[in-house]
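# Chain and residue survey
These are the residues of each chain, in order.
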Amino acid sequence: MAAIPSPIPLEDSWTDVLQKALNGTGIDDKNLAPSANITPAKLKSILAGEIPSEDTLRRLAIGLGLRPAPFLDLAFQRYKPALFDAGTWTGVQPIASRYMDAIVNCYLIWDVKTREAILCDTGTDLSAVRQEIETRGLKLTTLCITHAHGDHVAILQELKLAYSPKIYAPKEEPVDGSSGVGEGDEIQIGSLRARVLLTDGHSAGHVTYLFTGQSGWPAPVAVVGDVLFAGSMGAGNVSYPRLRDHLQSKILTLPPKTLLCPGHGPTSTVEQEEKQNPFG
Ligand SMILES: [Fe+2]
């Protein structure tokens, strides 16, 4: 199996963003092409990866309701997200693993005093999770699932067998043995508190877990699953407008330094995504 690249690259290219916006808005490419002042054939080759002029890219972004400046930065590879800073975010460890031809993240978050730990989503690599738990002397007590797509719950049974954790998952997307959570619920683990935000749209009941309570953190830690990716967002499988509205109204309104922990791609912050996310 191919090694996980380090640093983890952006999940979505500018063409992925374009395609998600086309699918989500339902804007027909025959309508989009004239508003961007190009032929349908030209749009087709752009969707296949041909980078057009800045002016055309800007028109396409506007035609699809995307923010032009971050979209241009993606297309011209000017967006380089800051690397995850383990020194600042004590008690947070992203773990990336392979799921078929994709990479999926899970996040180990722990109370640095009591060593009680939460795993947010499961990833696919039990030995990587076990290694982090053992080398750091943690006690995994809790599993917080953002949504029930296969790549986010791939090793649920193995984790249940190994650690018998308390499992939380969205009310609308129960997993085996889970307690359902929804908007406004709170979970206490040691001195950490996770507030649940309903951020559906990618899936029917997708939730975000907003962690606070670790002394030394400059801001909360938001495990956002597939709501937001650095420079993009998940697919609007259930509702593109709802997903985008949640990204804008519930994620990008968090304190600027909030650490954003997406299900795919690198970590980011609210202030970075305010500047760089075409869906923001
Ligand atoms: Fe998903």
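Just so it is clear, the structure is predicted and the values come from calculations on it, not from any experiment.

### Quick word on the coordination of the iron ion
Listed as protein donors to the iron ion are His-147 (NE2), His-149 (ND1), His-202 (NE2) and Asp-226 (OD); their distances from the metal cover 2.2 to 2.3 Å. Coordination at the iron ion comes from 4 donor atoms whose angles at the metal span 88 to 176 degrees, giving a geometry best classed as irregular. If you list the donors of the iron ion from N- to C-terminus, the spacing comes out as H-x1-H-x52-H-x23-D. Of this pair, His-149 sits in the loop between β4 (139-144) and α7 (156-163) while His-202 sits in the loop between β8 (192-198) and β9 (207-212), and the two are 53 residues apart along the sequence. The class for His-149 is partly exposed, based on a relative accessible area of 28%. The buried category is assigned to His-202, whose relative accessible area is 7%.

### Thoughts on the pairing of strand β3 (residues 116-120)
In summary, the side chains of a regular strand alternate between the two faces of the sheet. Across the 5 residues that make up β3, a large majority, 4, are buried. Summarising the sheet, strand β2 (residues 102-110) and β3 pair through 4 bridges and their orientation is antiparallel. Note that in β3 the partner of Leu-108 across the bridge is Leu-119. Of the pairings in the sheet, the one linking β3 to β4 comprises 5 bridges and is parallel in character. Bridging across to β4, Leu-119 finds its partner in Leu-143.

### A closer look at the packing of aromatic side chains
Enumeration according to the criterion identifies 3 aromatic pairs in this entry. Arranged with centres 6.2 Å apart and planes meeting at 55 degrees, the rings of Trp-89 and Trp-217 form a pair that is tilted. Of the two residues, Trp-89 is situated in the loop between α5 (68-75) and β1 (92-99) and Trp-217 in the loop between β9 and β10 (221-225); the sequence distance between them amounts to 128 residues. Just as Trp-89 is buried, Trp-217 falls in that class too.

Conventions we followed
Residues numbered from 1 in each chain as written. Predicted model: local features only at pLDDT ≥ 70, side-chain atom pairs only at ≥ 80, totals over all residues. Heavy atoms only, no water. Donors = N, O, S within 2.8 Å, 3.2 Å for Na, K, Ca; no water. Tetrahedral: all angles 85-135°; square planar, octahedral: opposite > 155°, others 65-115°. Helix = DSSP H or I, 4+ residues; strand = E, 2+ residues; numbered from the N terminus. Buried < 20%, exposed > 50% of the residue type's maximum accessible area, 1.4 Å probe, protein only. Pairing = 2+ DSSP bridges. Phe/Tyr/Trp six-rings, centres within 6.5 Å; stacked < 30°, edge-to-face > 60°.

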